[in-house]
Amino acid sequence: MLKDNYKSGYSLNQIYYKDESIYNLEINNIFHKHWLFAGHTSQLQDIGDYFLYEFADESIIIILNKNNQIKAHINVCRHRGSKICLDKEGNKNLLTCPYHAWSYDLDGALISARDMPSDFKFEHNNLMSVHLELIGGFIFISLSKKPLSLNNFKSDLNETLELFGLDSLKLAMHKSFSIPANWKLAVENYNECYHCVPSHKEFSQIHMMGTDNKIFNIRKDEYLKLNKNNPKYAQFNCFYDNAEPGQEGYQYDRNPLKPGICSGTLNGEAAAPLLGKLTEYDYGASELMIGPLMFFLIYDDHIVGYRFTPLSVDNCVCDIFWMVRDDAVENIDYNINNLTWLWNTTTVADTTIIMNNQKGINSKFYSPGRLSLMENFQKNFLDWYIKTINSNKGDYIE
Amino acid sequence: MLKDNYKSGYSLNQIYYKDESIYNLEINNIFHKHWLFAGHTSQLQDIGDYFLYEFADESIIIILNKNNQIKAHINVCRHRGSKICLDKEGNKNLLTCPYHAWSYDLDGALISARDMPSDFKFEHNNLMSVHLELIGGFIFISLSKKPLSLNNFKSDLNETLELFGLDSLKLAMHKSFSIPANWKLAVENYNECYHCVPSHKEFSQIHMMGTDNKIFNIRKDEYLKLNKNNPKYAQFNCFYDNAEPGQEGYQYDRNPLKPGICSGTLNGEAAAPLLGKLTEYDYGASELMIGPLMFFLIYDDHIVGYRFTPLSVDNCVCDIFWMVRDDAVENIDYNINNLTWLWNTTTVADTTIIMNNQKGINSKFYSPGRLSLMENFQKNFLDWYIKTINSNKGDYIE
Amino acid sequence: MLKDNYKSGYSLNQIYYKDESIYNLEINNIFHKHWLFAGHTSQLQDIGDYFLYEFADESIIIILNKNNQIKAHINVCRHRGSKICLDKEGNKNLLTCPYHAWSYDLDGALISARDMPSDFKFEHNNLMSVHLELIGGFIFISLSKKPLSLNNFKSDLNETLELFGLDSLKLAMHKSFSIPANWKLAVENYNECYHCVPSHKEFSQIHMMGTDNKIFNIRKDEYLKLNKNNPKYAQFNCFYDNAEPGQEGYQYDRNPLKPGICSGTLNGEAAAPLLGKLTEYDYGASELMIGPLMFFLIYDDHIVGYRFTPLSVDNCVCDIFWMVRDDAVENIDYNINNLTWLWNTTTVADTTIIMNNQKGINSKFYSPGRLSLMENFQKNFLDWYIKTINSNKGDYIE
């Protein structure tokens, strides 16, 4: 029914950006179904270290258990529903509810609850657990009962990610940007570079992608020809509608930067020590997408992760994670301002752009507009989105 | 159906001040149908000067084009719906969208859009334009496809407005008052002077209108008798239900001020040079209404315009425009504090009054109350309002 | 229908804490039907003294009339619905509406309204009055047309309340705590002491009630055996579902404090002079409940009143009233910090607890949990609540 509203190659109708019931469908069919990026293993050093990953009405505890395994639990007490961990991060020996002191071990098993009726079963009252997978040090969770498989992703990209040393990174910086707009406007903004030249002069002095499509494609062909048969230059377009049924979508591609640019910094100079097995700069950067909501930009010396999460129908958050080699030392091997300058500046600008996009769309006079040739990836997102929210309800745990 | 709720001569039922779907009907049947006061030509001096007129979810660009004509465009890009002009006022050579740089000329024609598919038609993607009419220097717009006619108004009031030099005014001051209440409570407040004596001692020392009805009518009869056959003292009551079908409503009337009062100032002394062709004070002031939402108070030396616009079902804005002769010089011919004192003071008080009216109406115990004899104009407004929101949906552009 | 959602002995389903239409049922079936605690006679000393009792969208004027009687009026003008008294408390000779100056005497009779049509009836336009009953100096109001009877309560507890000198108290302190949660979570929190030991160490050093059920019951039996046949130790459990049809519910019970504790103060020492006819401390405190929303804790030397009122579906207020003998002198006979320390500290902690309970319940993963043996009184509240909101609409005045 909603499909009838949509014409591929055009932006969405106003209703998709304002309607509460569509928003609820999205939460069920997208956020409770797909893999979500929760954070990085380097955030959890000692047994009992935890952090919260929160979105919409959900709060998930990501914690290191006594066997040095990372576990994910729903942050809701099984007694009367209080939040258990109140601080965004910390260390806990036990997960004890601050209300009535029901206590769970780090694996979520209920181990203490006073004065319960004699037929009360402890084993039926463990914290709800959430599927979790590590990709290198990246922590992904799924709120679905039967999560999509990550196997294709892993086998396709294993070699590539090894090259970048994905299991020996650390989180150097994390920033959250609050955006007063529907979350899709933020994802659409990330998904196209038609706006890069008019809106982001900083980005445009580093990246070629905002350049006219033809010029960019010629340069990219040259770049890839030079580097055949190297997993760094692999291409996988199994994203959105191209994902195999039952498999999580993903995409990998490497693009040239502007001539002579090593990394995403003010002067294009190095940001940090080279990642993994790399021995030299190749003046390019990779785009990696895992699931529909998580984008990584892989420079030769650092990785920038972009995550979009909704808070309500008209508010969302963009989180940015800057990651470097785990043996790099701050202020010696890298400088935070230099490392974060490009995407901090770009995202501050996008926050205003996205807010004004929502404001215009709220007008009764807004109607879906034609997409340009440079908005093809966004078109793929929209095609997939319409199909997804018209599909059956997500099988999230309930 | 809603009509059944209403009894003429009584205030409205609670639902009209709280219900979202009634609010949406109002936006469609009133705000998207009638002529709205956008501002004054003196706000646009140079080619490319613009200001925004915004209400509810709408933003309209009022701009001076290269032929020195004033145009009104919907402030929404035809590509993906971003707002184009972000500042409330400014000057633009081109209307360039800050998102992807689609550019429109000052007449709203799309003149630049990069990388579009070959079948994309520029001429189908101009900014949506809005009907605009000038009455003297007053700028009125209509969001309707087929606006109501202003012809009767113009022919009836032509001579009168010429007398006041309506085409040689300038905006001396503009102030916005945010009111946490439904917009109708603000209009009702403006439409009756039953509250003037208890609530507005400043007003009551200048104007006679708050005085007991009988005394006021005797004084008014004397005043009008002295001044027969002069267009300054014309009377037109073609407002609300008295409007001819297809014509916008209007009303004009002149009332005596308190004895010896020249103008709406602290001591009743002059505020500014006499308007238009006037050669002396006559100790009166005219009430002029154009459409259901715009009221002008015409003193002999300045005009005060009152505009009411909704932001949401329970918030609105009252804008006041103070206008003087266009050749008057600030601090020589007029002083802003003296000019604005009366209606600034009165409106600050009304903001609190209207807020407390809404609070009381929110109670389950509120029921419509009987109107006094001095609330007849408000009664006309309410009778018309009920008829209007029960009529067919406004034919606004969509 | 809603009943089907509920399993006695478990917490409520999420919908009861988030749904607007259920909230509206609650306002009608509970807040507009039961007796509500408005305040204390000691707040009204002189003729014309008034205070407002406000909740949800309602505002009620509690005022001392010329015959030294306390009256309760709806704070909504019968003309166009403005609030009449704007300040939370004050003194008025007449209740004059600030909008159009309609004036009512202290009994709510309309005595002045200018310029009304000739058939206007003053006597049909008095302020709506509200049922009011005094219990000692406690002021209770009911918004129902046919309030529940308080007769059973009065006859059962007459002697007991006389002992505590309920008609010779004064309000020593009143504090409001804003809680960002559904009002039921605040009432549930008050209704159980399962959380006292983990959450309230201050409470637990004074009161025995948080102690393990078995130990507490043994101690209570001993305590009551010592004191048979004294109205101070009466027990009435006519609350919630135990209330007789047509009668307001109530409950009275006396419990031992920790050994050697006289009163609810930092060191358990006296807070103020002994109440009423009491001649010594008995190291206990009484729980008194009148209606479903008002709880009094009676120490030998002061009374703490707890009131819960909703502001919206997800916001409520907890008001605390500290009362002492009316002849006690501040800073000589009692000290405010000492008097208020225990319940101020406890309620500040509860505000956070209740807020985090709401946050957890908002999760899609929350499901009703099993109640402990110590949450029996809360279970009674929930059983009654489900029955009540499924019953017919409250017969409130309208």
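Residues numbered from 1 in each chain as written. Chains lettered and ligands numbered in written order. Predicted model: local features only at pLDDT ≥ 70, side-chain atom pairs only at ≥ 80, totals over all residues.

(A) Main features of the overall build of chain A. Scanning chain A from terminus to terminus reveals eight helices and 17 strands. Over its C-alpha atoms chain A spans a radius of gyration of 22 Å, differing by no more than 12% from the 21 Å that the globule rule assigns to 398 residues. Projected onto its principal axes, the C-alpha positions of chain A cover 75 × 55 × 35 Å. Burial status across chain A gives 47% buried among its 398 residues. Partitioning the intrachain contacts of chain A with sequence separation of at least 6 by distance along the chain shows that 68% fall at a separation of at least 24. (Helix = DSSP H or I, 4+ residues; strand = E, 2+ residues; numbered from the N terminus. Rg over C-alpha atoms; globule rule 2.2 N^0.38 Å. Buried ≥ 20, exposed ≤ 12 C-beta atoms within 10 Å, placed from the backbone. Contact = placed C-beta atoms within 7 Å.)

(B) Spatial organisation of the domain arrangement of chain A. Residue and element names in this part refer to chain A. Segmentation of chain A into domains returns domain 1 (36-131) and domain 2 (152-389). For domain 1 and domain 2, the distance between their C-alpha centres works out to 32 Å. The interface is formed by seven residues belonging to domain 1 together with 14 residues belonging to domain 2. With three residues, the top contributor of residues to the side of domain 1 that touches domain 2 is strand β1 (residues 36-40). Residues that form the side of domain 1 that touches domain 2 fall into these classes: four nonpolar, three polar and no charged. (Domains from an automatic or database assignment. Nonpolar A, V, L, I, M, F, W, Y, C, P; charged D, E, K, R; others polar.)

(C) Highlighting the pairing of strand β3 (residues 58-64) of chain A. Residues and elements named next belong to chain A. With respect to burial, β3 is a largely interior element, seven of its seven residues being buried. With six bridges joining them, strand β2 (residues 49-55) and β3 adopt antiparallel strand pairing. Residue Tyr-50 lies in a different strand from β3, and its bridge partner there is Ile-63. In this antiparallel pair of consecutive strands, β2 and β3, the connection spans two residues, and Ala-56 shows a positive phi of 45 degrees. Sheet analysis places β3 next to strand β4 (residues 70-74), joined by five bridges and oriented antiparallel. Across the sheet, Ile-62 pairs through a bridge with Ala-72, a residue of β4. (Pairing = 2+ DSSP bridges.)

(D) Spatial organisation of helix α6 (residues 213-225) of chain B. Helix length check: α6 of chain B, at 13 residues, gives a terminal C-alpha distance of 18 Å against a target of 18 Å (1.5 Å per residue), a fit within 8%. Little of α6 of chain B sits inside the fold, with zero of its 13 residues counted as buried. (Expected span 1.5 Å × (residues − 1).)

(E) Focus on unusual backbone geometry. One non-glycine residue, Ala-56 of chain B, lies in positive phi territory at about 45 degrees. Of note in this structure, Ala-101 of chain B is not a glycine but carries a positive phi near 70 degrees.

(F) Geometry of the environment of Tyr-240 of chain C. All names here are of chain C. You can see Tyr-240 is positioned in the loop between β12 (236-238) and β13 (250-256). On the basis of neighbour count, Tyr-240 is assigned to the buried category, with 21 C-beta atoms found within 10 Å. Through-space distance from the C-alpha of Tyr-240 to that of Ile-303 is 22 Å; in sequence the pair is 63 residues apart. Filtering out sequence-adjacent residues up to four positions away, Tyr-240 remains in contact with Gly-249, Pro-292, Asn-380, Phe-381 and Trp-384.

(G) Geometry of the interface of chain B and chain C. Taken together, the contacts link 22 residues of chain B with 26 residues of chain C. Listing elements by their share of the side of chain B that touches chain C, those giving two or more residues are α4 (196-199) and α7 (336-361) of chain B.

(H) Up close: the nonpolar core. Core analysis: the largest hydrophobic core is formed by 334 residues, its most contacted members being Ile-62 of chain A, Ile-62 and Ala-186 of chain B together with Ile-62 and Ala-186 of chain C. In this structure, Ala-186 of chain C is in contact with Ile-179, Ala-181, Phe-308, Cys-316, Cys-318 and Ile-354 of chain C, ignoring residues within four places of it in sequence. (Core = buried A, V, L, I, M, F, W, Y, C linked by C-beta atoms within 7 Å.)

(I) Looking closely at the relation of the copies chain B and chain A. Each copy of the sequence occupies a distinct position, and chain B is placed on chain A by a rotation of 120 degrees and an axial shift of 0.1 Å, giving an RMSD of 0.1 Å. The symmetry that links the two subunits is that of a three-fold axis. Ranked by how close their C-alpha atoms come to the rotation axis, the residues of chain B are headed by Glu-20 of chain B, at 8.4 Å. (Least-squares fit on C-alpha atoms with pLDDT ≥ 70 in both.)

(J) Seen up close, the interface of chain B and chain A. Between chain B and chain A, the residue contacts involve 26 residues of the former and 22 residues of the latter. Residues belonging to the side of chain B that touches chain A are distributed by class as follows: 13 nonpolar, five polar and eight charged.

(K) Molecular detail of the environment of Leu-44 of chain A. Residues and elements named next belong to chain A. You can see Leu-44 is positioned in the loop between β1 and β2. Placed 199 residues apart in sequence, Leu-44 and Ala-243 show a C-alpha to C-alpha distance of 32 Å. Look past the residues within four positions of Leu-44 in its chain and what remains in contact with it is Asp-49, Leu-64 and Ile-70.

(L) Structural view of the sheet that holds strand β10 (residues 138-142) of chain C. Residue and element names in this part refer to chain C. With antiparallel pairing, the three strands of this open sheet are ordered in space as β1-β10-β9. At either margin of the open sheet sits one strand with a lone partner, and together these are β1 (36-40) and β9 (131-135). Across this sheet, the average inter-strand angle for adjacent strands is 30 degrees, counted without regard to direction. With four bridges connecting them, β1 and β10 associate as antiparallel partners. Residue pairing for β10: Leu-36 is matched across the bridge by Ile-141. (Axes fitted to C-alpha atoms, helices over the stretch in contact; angles between N-to-C directions.)

(M) Broad picture of the sheet that holds β13 of chain C. All names here are of chain C. The antiparallel open sheet is built from seven strands, whose spatial order is β11-β17-β16-β15-β14-β13-β12. This sheet does not close on itself; its edge strands, each paired only once, are β11 (169-179) and β12. Here the strands of the sheet are splayed against their neighbours by 20 degrees on average, with no regard to which way each runs. Sheet topology places β12 next to β13; three bridges connect them, and they run antiparallel. Opposite Phe-236, over in β13, you have Tyr-252 as the bridge partner. Against the sheet, helix α7 (residues 336-361) engages β11, β16 (303-312) and β17 (315-325), with an angle of about 20 degrees to β11.

(N) Summary view of the packing of helix α3 (residues 183-191) of chain B against helix α8 (residues 376-389) of chain B. Residue and element names in this part refer to chain B. Contact pair α3 / α8: the axes reach a minimum separation of 8 Å and the direction vectors enclose 145 degrees. Crossing geometry of α3 relative to α8 is assigned as right-handed. Where α3 abuts α8, its residues Lys-184, Val-187, Glu-188 and Asn-191 lie against Phe-377, Gln-378, Phe-381 and Tyr-385. When grouped by side-chain class, the residues that make up the contact of α3 with α8 number four nonpolar, two polar and two charged. (Left-handed = near helix turned anticlockwise from the far one by under 90°.)

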